[in-house]
Amino acid sequence: MHRLSRRVRAFDRRHPLVWDVLVTGSFVTAAFTDVLGGGWRYITQNPQAPTWLVVTLSLGFTVPLLWRRSHPVAILLPMLPLAVVNAWTGTDLQSSLTLLVVTFNIALHTALRTLLASYAVTLIPIVVDGFRNAVEQGADQSPDQTIVPQATRLAMVAIVGVSYRTRQEYLASLVERAAQLEVERDQQARLATAAERTRIAREMHDIIGHNLSVITSLADGGSYAAAKNPERAAQALTAIGTTSRQALGELRRLLDVLRTDPSGTEPPGAEPPGLEPQGVEMAPQPSLTDLDHLIEGVRSAGLPVRTTVHGRATALPPGRQLTVYRVIQEALTNTLKHGGPDATSTVSVSYGTGGAVTATVTDTGRGSTGHGNGAGGRGLTGMRERTALYGGTLESGPLPEQGWRVHLHLPEETPQ
């Protein structure tokens, strides 16, 4: 029944005239059946009413219903004089009850002020009918015995119309709200997708950029030492293998985060056994405990690095540790790529209270050459994005005489 009702309403919205003609035709048919069959004579108080008057009143009460939804107030105005005549002459046709239909549509489609005015004027034929009955029947019939029931019936119809209109407006507001929420959901999904793409690009840059720079430096050093010192060349090849496996492990962890389903199991089509990088286990993102391993890898690539640490990283959140790690990694990678063969680097990390961290990376390379983002690079952009997540500051630029300096400061965490 609910599906059928929805289909009928949808058809009515597309073809309103069809339903209006059917409703009006049913009322006209009922009215003329009453007239032709003589049924109206059993309830009328004026059986001698002329036929032309009965036919005119029947048409006047039913035909205007064709416009009851589009112009409810307009059809009420010509029906009121007919209702007064119907009451004054005592004809009392049942077709006059169509005034209830008109009142319902006025309540459904117009403002409350219009409904009150329409209700007031519709009481006129009711009052006329009440006083006519009182005059004809004398003390046996008081006006309120006729007026009050009919006025109450008319008021109930108006209240039902207002209630139905309120429900329609409420449903329309729910539909509009649902559509708005759907648009907001799509917007949030697009924003989340863009943010995730940025995060993945940043992670891929940090992983691939650093490890490939180390591998390139090791490969260049190994090829240079192959002829004079095969042992150092073999060490370089071993370091290349270690760095490559580390890079593959980090990439695999990142990709597993993207493709693992909520239950934590590998989806169909995951990497088959035998293709995983050897010696790599699933592990969390790098933290400050991996900083020594990072610096050792850079040193093995040929860049002398001196470290200084003040304080201890006590209960530092993983996100802040990853930010400091990636900034230092990016700074050392840039020195490897652009600092030149005689460059050296210094890493200084200072831990404060409340999660505050200050990290400074300087080098003695060839100044500003190549230390920026470069053409399409994401180095400094990625560092600034990570720093901004924690309300920190990042300064990067050449030193006065020679070299480059990267300075990171993360303030204390704001209490939640």
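Our structure is the block above this text.
Definitions and cut-offs
Residues numbered from 1 in each chain as written. Predicted model: local features only at pLDDT ≥ 70, side-chain atom pairs only at ≥ 80, totals over all residues. Heavy atoms only, no water. Helix = DSSP H or I, 4+ residues; strand = E, 2+ residues; numbered from the N terminus. Expected span 1.5 Å × (residues − 1). Bend = angle between axes of the 7 residues up to and from the residue. Buried < 20%, exposed > 50% of the residue type's maximum accessible area, 1.4 Å probe, protein only. Axes fitted to C-alpha atoms, helices over the stretch in contact; angles between N-to-C directions. Parallel < 35°, antiparallel > 145°, perpendicular 65-115°, else oblique. Left-handed = near helix turned anticlockwise from the far one by under 90°. Contact = heavy atoms within 4.5 Å. Nonpolar A, V, L, I, M, F, W, Y, C, P; charged D, E, K, R; others polar. Lys, Arg positive; Asp, Glu negative; His and termini not counted. Salt bridge = Lys/Arg side-chain N within 4 Å of Asp/Glu carboxyl O. Pairing = 2+ DSSP bridges.

### Focus on helix H6 (residues 112–137)
Step number 1: Between its first and last C-alpha atoms H6 spans 37 Å; for 26 residues at 1.5 Å apiece the expected length is 38 Å, and the two agree.
Step number 2: Of all bends in H6, the biggest is about 25°, found at Ile 124, and the proline Pro 125 comes one to four residues later.
Step number 3: For H6, the full list of buried residues reads Leu 115, Ser 118, Thr 122, Pro 125, Ile 126, Val 128, Asp 129, Gly 130, Arg 132, Asn 133 and Ala 134.

### Observations concerning the packing of helix H2 (residues 16–37) against helix H3 (residues 51–62)
Step number 1: Between H2 and H3, the least distance of the axes is 9 Å, while the angle of their chain directions is 160°. In terms of their interaxial angle, H2 and H3 are classed as roughly antiparallel. Taken as a pair, H2 and H3 cross one another with a handedness that is right-handed. For the pair formed by H2 and H3, the contact residues are Thr 24, Phe 27, Val 28, Ala 31, Phe 32 and Val 35 on the first element and Val 54, Val 55, Ser 58, Leu 59 and Thr 62 on the second.
Step number 2: Considered class by class, the residues forming the contact of H2 with H3 number eight nonpolar, three polar and no charged.

### Quick look at the side chain of Arg 165
Step number 1: By the element assignment, Arg 165 lies in helix H7 (residues 143–225).
Step number 2: An unpaired buried charge is present at Arg 165: no salt bridge exists, and Glu 169, the closest side chain of opposite charge, is 4.1 Å distant.
Step number 3: With residues up to four places along the chain from it excluded, the contact list for Arg 165 reads Ala 107, Leu 108, Thr 110 and Ala 111.

### Structural notes on the pattern of salt bridges
Step number 1: What the rule picks out here adds up to ten salt bridges.
Step number 2: Of the charged contacts, one joins Asp 129 and Arg 132 as a salt bridge, the two residues approaching to 3.2 Å between their closest N and O atoms. Linking Asp 129 with Arg 132, this pair stays in helix H6, spanning three residues, or about one helical turn.
Step number 3: Residue classification places Asp 129 among the buried residues on the basis of a relative accessible area of 8%.
Step number 4: Between Arg 320 and Glu 413 there is a salt bridge; the shortest N-O distance is 3.9 Å. One end of the pair, Arg 320, is in helix H10 (residues 318–338); the other, Glu 413, is in the segment after strand S5 (404–410), with 93 residues separating them in the sequence.

### Details of the pairing of strand S3 (residues 357–363)
Step number 1: S3 sits mainly inside the fold: five of its seven residues count as buried.
Step number 2: Taken together, the seven bridges between strand S2 (residues 345–351) and S3 define a ladder with antiparallel strand orientation. Opposite Tyr 351, over in S3, you have Val 357 as the bridge partner.
Step number 3: Here S3 pairs with S5 via seven bridges, running antiparallel. If you follow Val 361 over to S5, its bridge partner there is Val 406.

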